[in-house]
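The residues making up each chain are set out below.
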Amino acid sequence: MSIQEDKIAKLVDRRAAARLGGGPKRIEAQHAKNKLTARERLELLLDKDSFEEFDMFVQHRCTNFGMEATHPDGDGVVTGHGTIGGRPVFVYAQDFTVSGGSLSKTMSEKICKVMDMAVRAGAPVIGLNDSGGARIQEGIDALAGYGEIFERNILASGVVPQISGIFGPCAGGAVYSPALTDFTLMVKNTSYMFLTGPAVVKSVTGEDVTSEELGGAAVHATKSGVADFAAENEQEGIETIKKLFSYLPQNNMETAPERETSDPVSRVSDVLNSIIPDNPNKSYDMYDVIAEIVDDRDFFEIHRDFARNIIVGFAHMGGRGVGIVANQPKMLAGVLDINASRKAARFVRFCDAFNIPLVTLVDVPGFLPGTQQEYGAVIQNGAKLLYAYGEATVPKVTVTLRKAYGGAHIVMSCKQLRGDVNYAWPTAQIAVMGADGAVNVLYSKAVNAETDPAKQEQIRAEKKAEYEELFNNPYQAAQKGYIEDVIEPRNTRFRVIRALCTLEGKRQDVPAKKHDNLPL
Ligand code: HXC
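Heads up: these notes are all about the structure in this document. None of the values given here were measured: they were computed from a predicted structure. Note that residues are indexed from 1 along each chain, following the sequence as it is written. At least 70 in pLDDT is required for a residue's local features to be given in this predicted model, at least 80 for side-chain atom pairs to be given and counted, and no such filter applies to totals for whole chains, interfaces and linings, which use all residues. Neither water nor hydrogens contribute to the side-chain values; these are computed over all heavy atoms in the structure.

Details of a nonpolar patch on the surface
The condition is simple: Only residues whose relative accessible area exceeds 30% and that take part in no salt bridge are eligible for patches, with like-charged residues grouped when within 9 Å of each other and nonpolar side chains (Val, Leu, Ile, Met, Phe, Trp, Tyr) grouped when within 5 Å. Each accessible area is a Shrake-Rupley result for a 1.4 Å probe, and residues are judged covered by the shown protein chains and nothing else. Salt bridges, as used here, are contacts in which a Lys or Arg side-chain nitrogen is within 4 Å of a carboxyl oxygen on Asp or Glu. Helix numbers and strand numbers start at the N terminus; a helix is a DSSP run of H or I with at least 4 residues, a strand a run of E with at least 2. When accessible area is computed with a 1.4 Å probe and restricted to protein chains, residues below 20% of their type maximum are described as buried, those above 50% as exposed, and intermediate ones as partly exposed.
Taken together, the side chains of I154, L155, Y176, L180 and L195 make up a nonpolar region of the molecular surface, amounting to roughly 470 Å² of accessible area. If you list the elements that add at least two residues to the nonpolar patch, you get α5 (140–156) and α6 (176–180). Relative to the helices and strands, L180 is located in helix α6. Residue class for L180 comes out partly exposed when judged on its relative accessible area of 31%.

The following block contains the structure:
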């Protein structure tokens with residue numbers, strides 16, 4: 001063997017050893033926990049043979065607590081770039097088989113390197129987390145490493161899409177990196193996120209709680225909203241990330257990928273002409289409306305199990321990528337509350353940052369009343385959604401299907417929040433409030449002046465009919481130019497697509513400022 005051949009053989013061996021991370025035993029232990037290794041995850045995530053690894057030979061520099069004795073190549077994280085569906089992406093995957101994936105200073109340097117390159121190259125970043133947190137033996141160096149990553153998450157925000165997959169532990173301050181990214185996916189039963197674990201909770205509050213109950217995927221996808229997706233297993237999780245990726249542009253200078261479709265733009269949906277129940281207190285399913293108007297009935301929902309009174313997600317219309325925001329009359333009558341406002345505001349801001357036009361479907365009876373909501377700052381949280389729509393400069397097309405009452409009408413992408421094209425169905429009720437509420441406020445004295453209950457009911461019914469005739473329709477708004485047109489429901493698909501086509505070259509600015517001060 002020549003010297004060169006010998007050196008190449010050593011390189012091949014060293015690479016093979018590095019690929020084993022913490023070694024076969026730890027890989028086995030990982031599999032026994034129903035978890036894949038970092039490399040197996042990347043293999044599923046990226047196009048075949050597209051992965052280019054960086055920093056495979058990076059080693060930690062710690063000399064405390066016996067760490068000087070072992071220097072595994074790669075040090076607990078696999079980083080690099082590859083493609084998904086042929087589109088470039090930068091990735092990192094924490095390797096639990098090396099010191100429990102705990103974050104050393106060198107590991108953070110590897111992660112920061114791919115994040116810096118992603119911003120320079122204008123490509124998204126996907127981070128797969130599976131880590132015991134700050135590497136205890138490195139002390140403050142590990143904490144500094146987290147700080148460096150967080151700063152990059154912040155600087156990359158709104159420049160390239162960032163996606164976090166949580167595939168194992170993610171605890172302590174480590175949770176803040178996913179929280180700073182655009183989308184977070186968790187895997188049920190094998191991943192958790194919390195600031196302090198069950199033992200600390202028990203000692204501080206006396207509360208008995210398991211990791212899953214405290215910060216499992218189901219909890220974060222339904223109660224806190226920290227996770228946008230909860231996957232049944234890792235394979236499903238990776239597939240979901242890939243699907244999500246397919247809707248996102250590469251960076252804030254590009255538009256979302258277009259998708260060919262054989263679904264005709266001119267397709268009418270007769271079913272929409274009879275979807276609104278005669279009884280205004282009856283519900284219908286907004287998912288049916290969305291399916292009728294988007295290409296191929298294909299809708300990719302974000303935050304499906306959180307604040308289900310509002311629906312957000314991606315679709316294509318006439319081949320163009322759009323973000324859909326829609327009240328869901330089937331859940332709490334589609335009312336806006338704290339969580340629905342937070343959920344939709346964050347989605348609207350993502351779409352605006354990444355040039356994804358917004359299609360808003362409105363059927364909202366108002367904001368949820370009550371002390372719980374007021375004490376939880378529904379005012380400020382509702383203002384988030386108002387703010388998000390008002391500052392958004394992407395094309396905004398809105399269709400009011402039925403109720404659009406009071407402040408909720410204004411918040412849901414109305415004309416005055418720089419809505420571009422606002423349509424309403426003939427069943428729309430764009431008004432300050434519903435007829436019952438209005439009659440109660442305006443005529444309670446007149447009603448109470450009557451002692452005969454039948455007479456009282458007659459006054460109520462007459463005044464209600466008068467109010468409905470005058471206000472509970474779209475024509476007041478149409479007469480004043482607050483909406484562009486009253487459209488037949490069956491034509492919604494092509495009317496919205498035409499509007500989006502017209503708005504393709506839209507240019508709109510916000511006044512120059514350092515940054516805004518949205519109501520956090
Ligand atoms: C160094 C760690 C580690 C850590 C785990 N390991 N966490 N090494 N620093 N933070 C090592 C273990 O010693 C073990 O090494 C290997 O990883 C696997 O860990 P196990 O405990 O055997 O695995 P498991 O039973 O699955 O438990 C996983 C775990 C547990 C729940 C994550 O390891 C754990 O509680 N770790 C500590 C978590 C923690 O408190 N981290 C600090 C959070 S504070 P060997 O060699 O024995 O296999 C924080 C601050 C961030 O992160 C601040 C940012 C601003």
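A few points about the packing of helix α16 (residues 435–449) against helix α17 (residues 453–470)
When two helices pack together, their arrangement is given by the angle between the helix axes and the distance between those axes. The criterion, for reference: Under this scheme, a helix contributes an axis fitted over its contacting stretch, all axes are lines through C-alpha atoms, and angles between N-to-C directions fall in the 0 to 180 degree range. Roughly parallel here means an angle under 35 degrees, roughly antiparallel means over 145, roughly perpendicular means 65 to 115, and every remaining angle is called oblique. Left-handed describes a crossing whose near helix is turned anticlockwise from the far helix through less than a right angle; right-handed describes the clockwise counterpart. Only heavy atoms enter the contact rule, under which two residues are in contact if any of them lie within 4.5 Å. Under this grouping Gly is polar, as are all residues other than the nonpolar Ala, Val, Leu, Ile, Met, Phe, Trp, Tyr, Cys and Pro and the charged Asp, Glu, Lys and Arg.
Running from amino to carboxyl end, α16 crosses α17 at an angle of 140 degrees, the nearest separation of the two axes being 9 Å. One finds that α16 runs oblique with respect to α17. The hand of the α16/α17 crossing is right-handed. On α17, the residues that touch A435, D436, A438, V439, N440, Y443, A446, V447 and N448 of α16 are Q456, I459, R460, K463, K464, Y467 and E468. Within the contact of α16 with α17, the residues separate by chemical class into eight nonpolar, three polar and five charged.

Considering the nonpolar core
Stated precisely, the cut-off is as follows: We call a set of buried residues a nonpolar core when its members are Ala, Val, Leu, Ile, Met, Phe, Trp, Tyr or Cys and they connect through side-chain atoms within 4.5 Å of each other.
Within the largest apolar cluster, 63 residues are counted, with the highest numbers of intra-cluster contacts made by I126, F314 and V325. A total of seven residues in this core trace back to one element, the largest contributor, which is helix α12 (residues 338–353). Those residues in contact with V325 that lie beyond four places of it in its chain are I310, I311, V312, A344, F347, V348, L358, V359, T360, L361, Y389 and M412. Core analysis: the next-biggest nonpolar cluster, separate from the first, contains 30 residues, I276, V359, Y423 and L503 among them.

Re the pairing of strand β11 (residues 310–317)
Along any regular strand the residues' side chains alternate between the sheet's two faces. As a reminder of what qualifies: Here, strands pair whenever DSSP counts at least two bridges between them.
Taken across its eight residues, β11 has eight buried, putting it largely inside the fold. Going residue by residue along β11, you find I310, V312, F314 and H316 tucked away on one face and I311, G313, A315 and M317 tucked away on the opposite face as well. Judged from the four bridges that link them, strand β10 (residues 299–302) and β11 form a sheet pairing that is antiparallel. Bridged to I302 within β11 is V312. Linking β11 back to strand β12 (residues 320–327) in an antiparallel pair, the connection comprises two residues, with G318 at a positive phi of about 60 degrees.

Focus on helix α1 (residues 3–19)
Which entries qualify depends on this criterion: Given the number of residues in a helix, its expected span is that number minus one, multiplied by 1.5 Å.
Compared with the 24 Å implied by 1.5 Å per residue over 17 residues, the 24 Å span of α1 between its first and last C-alpha is a close match. One or two steps after α1, the chain reaches G21, where phi turns positive at roughly 55 degrees.

Considering the site of the ligand
Spelled out, the test is: The rule for a residue being near a molecule or strand is that one of its heavy atoms must lie within 4 Å of it. Pairing of N or O atoms within 3.5 Å defines a polar contact, subject to two protein rules: one partner must be a possible hydrogen donor and the other a possible acceptor, and residues neighboring in sequence count only if both atoms are side-chain atoms.
The full set close to the ligand counts 20 residues, and R26, K33, G100, G132 and A134 are the nearest of them. One of the backbone N or O atoms of I136 is found 3.1 Å from a nitrogen atom in the ligand. In isolation the ligand offers 1,000 Å² of accessible surface; the protein chains occlude 53% of this area. If you list the elements that add at least two residues to the shell around the ligand, you get α5 and β6 (169–171). The element best represented in the shell around the ligand is α5, accounting for three residues.

Considerations on the packing of aromatic side chains
Using the following cut-off: Note on aromatic contacts: the rings of Phe and Tyr and the six-membered ring of Trp form a pair at centre separations within 6.5 Å, being stacked when their planes are under 30 degrees apart, edge-to-face when over 60 apart, and tilted otherwise.
A complete count under the given rule lists 11 aromatic pairs for this structure. On the basis of an interplanar angle of 50 degrees and a centroid distance of 5.2 Å, the ring pair of F314 and F347 is categorised as tilted. Of this pair, F314 sits in strand β11 while F347 sits in helix α12; the two residues are 33 residues apart in sequence, bridging distant segments of the chain. Comparing F314 with F347, the two get one shared label, buried. Judged by centre distance (6.2 Å) and plane angle (65 degrees), the rings of F314 and F350 are edge-to-face.

Re the sheet that holds strand β9 (residues 229–231)
Within a sheet, neighbouring strands are paired by backbone hydrogen bonds and run either parallel or antiparallel to one another. The strand order β1-β2-β3-β4-β5-β7-β9 describes an open sheet built from seven strands, whose pairing is mixed. Of all the strands in the sheet, the pair left with one neighbour each is β1 (52–54) and β9. Sheet twist, expressed as the mean angle between neighbouring strand axes with direction ignored, is 20 degrees. Pairing geometry for strand β4 (residues 125–129) and strand β5 (residues 162–166), over five bridges, is parallel. From the neighbouring strand, I126 faces β5, where its bridge partner is I163. Helix-sheet contacts for helix α3 (residues 38–45) involve β1, β2 (77–84), β3 (87–94) and β4, and the interaxial angle to β3 is about 160 degrees.

Describing the pairing of strand β7 (residues 183–187)
Taken across its five residues, β7 has five buried, putting it largely inside the fold. Covered by surrounding structure in β7 are F183, L185 and V187 together with T184 and M186, the residues of both alternating faces. Here β5 pairs with β7 via four bridges, running parallel. The residue bridging I166 from the neighbouring strand is M186, located in β7.

Remarks on the pattern of salt bridges
Using the criterion set out here, one finds 36 salt bridges in the structure. Two residues, R493 and D263, come together in a salt bridge whose shortest N-O distance is 3.9 Å. Linking R493 in helix α19 (residues 492–502) with D263 in the loop between α10 (234–247) and α11 (286–293), this pair joins segments that are 230 residues apart in sequence. Its relative accessible area of 1% is what places R493 among the buried residues. What makes D263 buried here is its relative accessible area of 11%. We note a salt bridge from R320 to E504, for which the minimum N-O separation is 2.3 Å. Of this pair, R320 sits in strand β12 while E504 sits in the segment after α19; the two residues are 184 residues apart in sequence, bridging distant segments of the chain. Residue classification places R320 among the buried residues on the basis of a relative accessible area of 16%.

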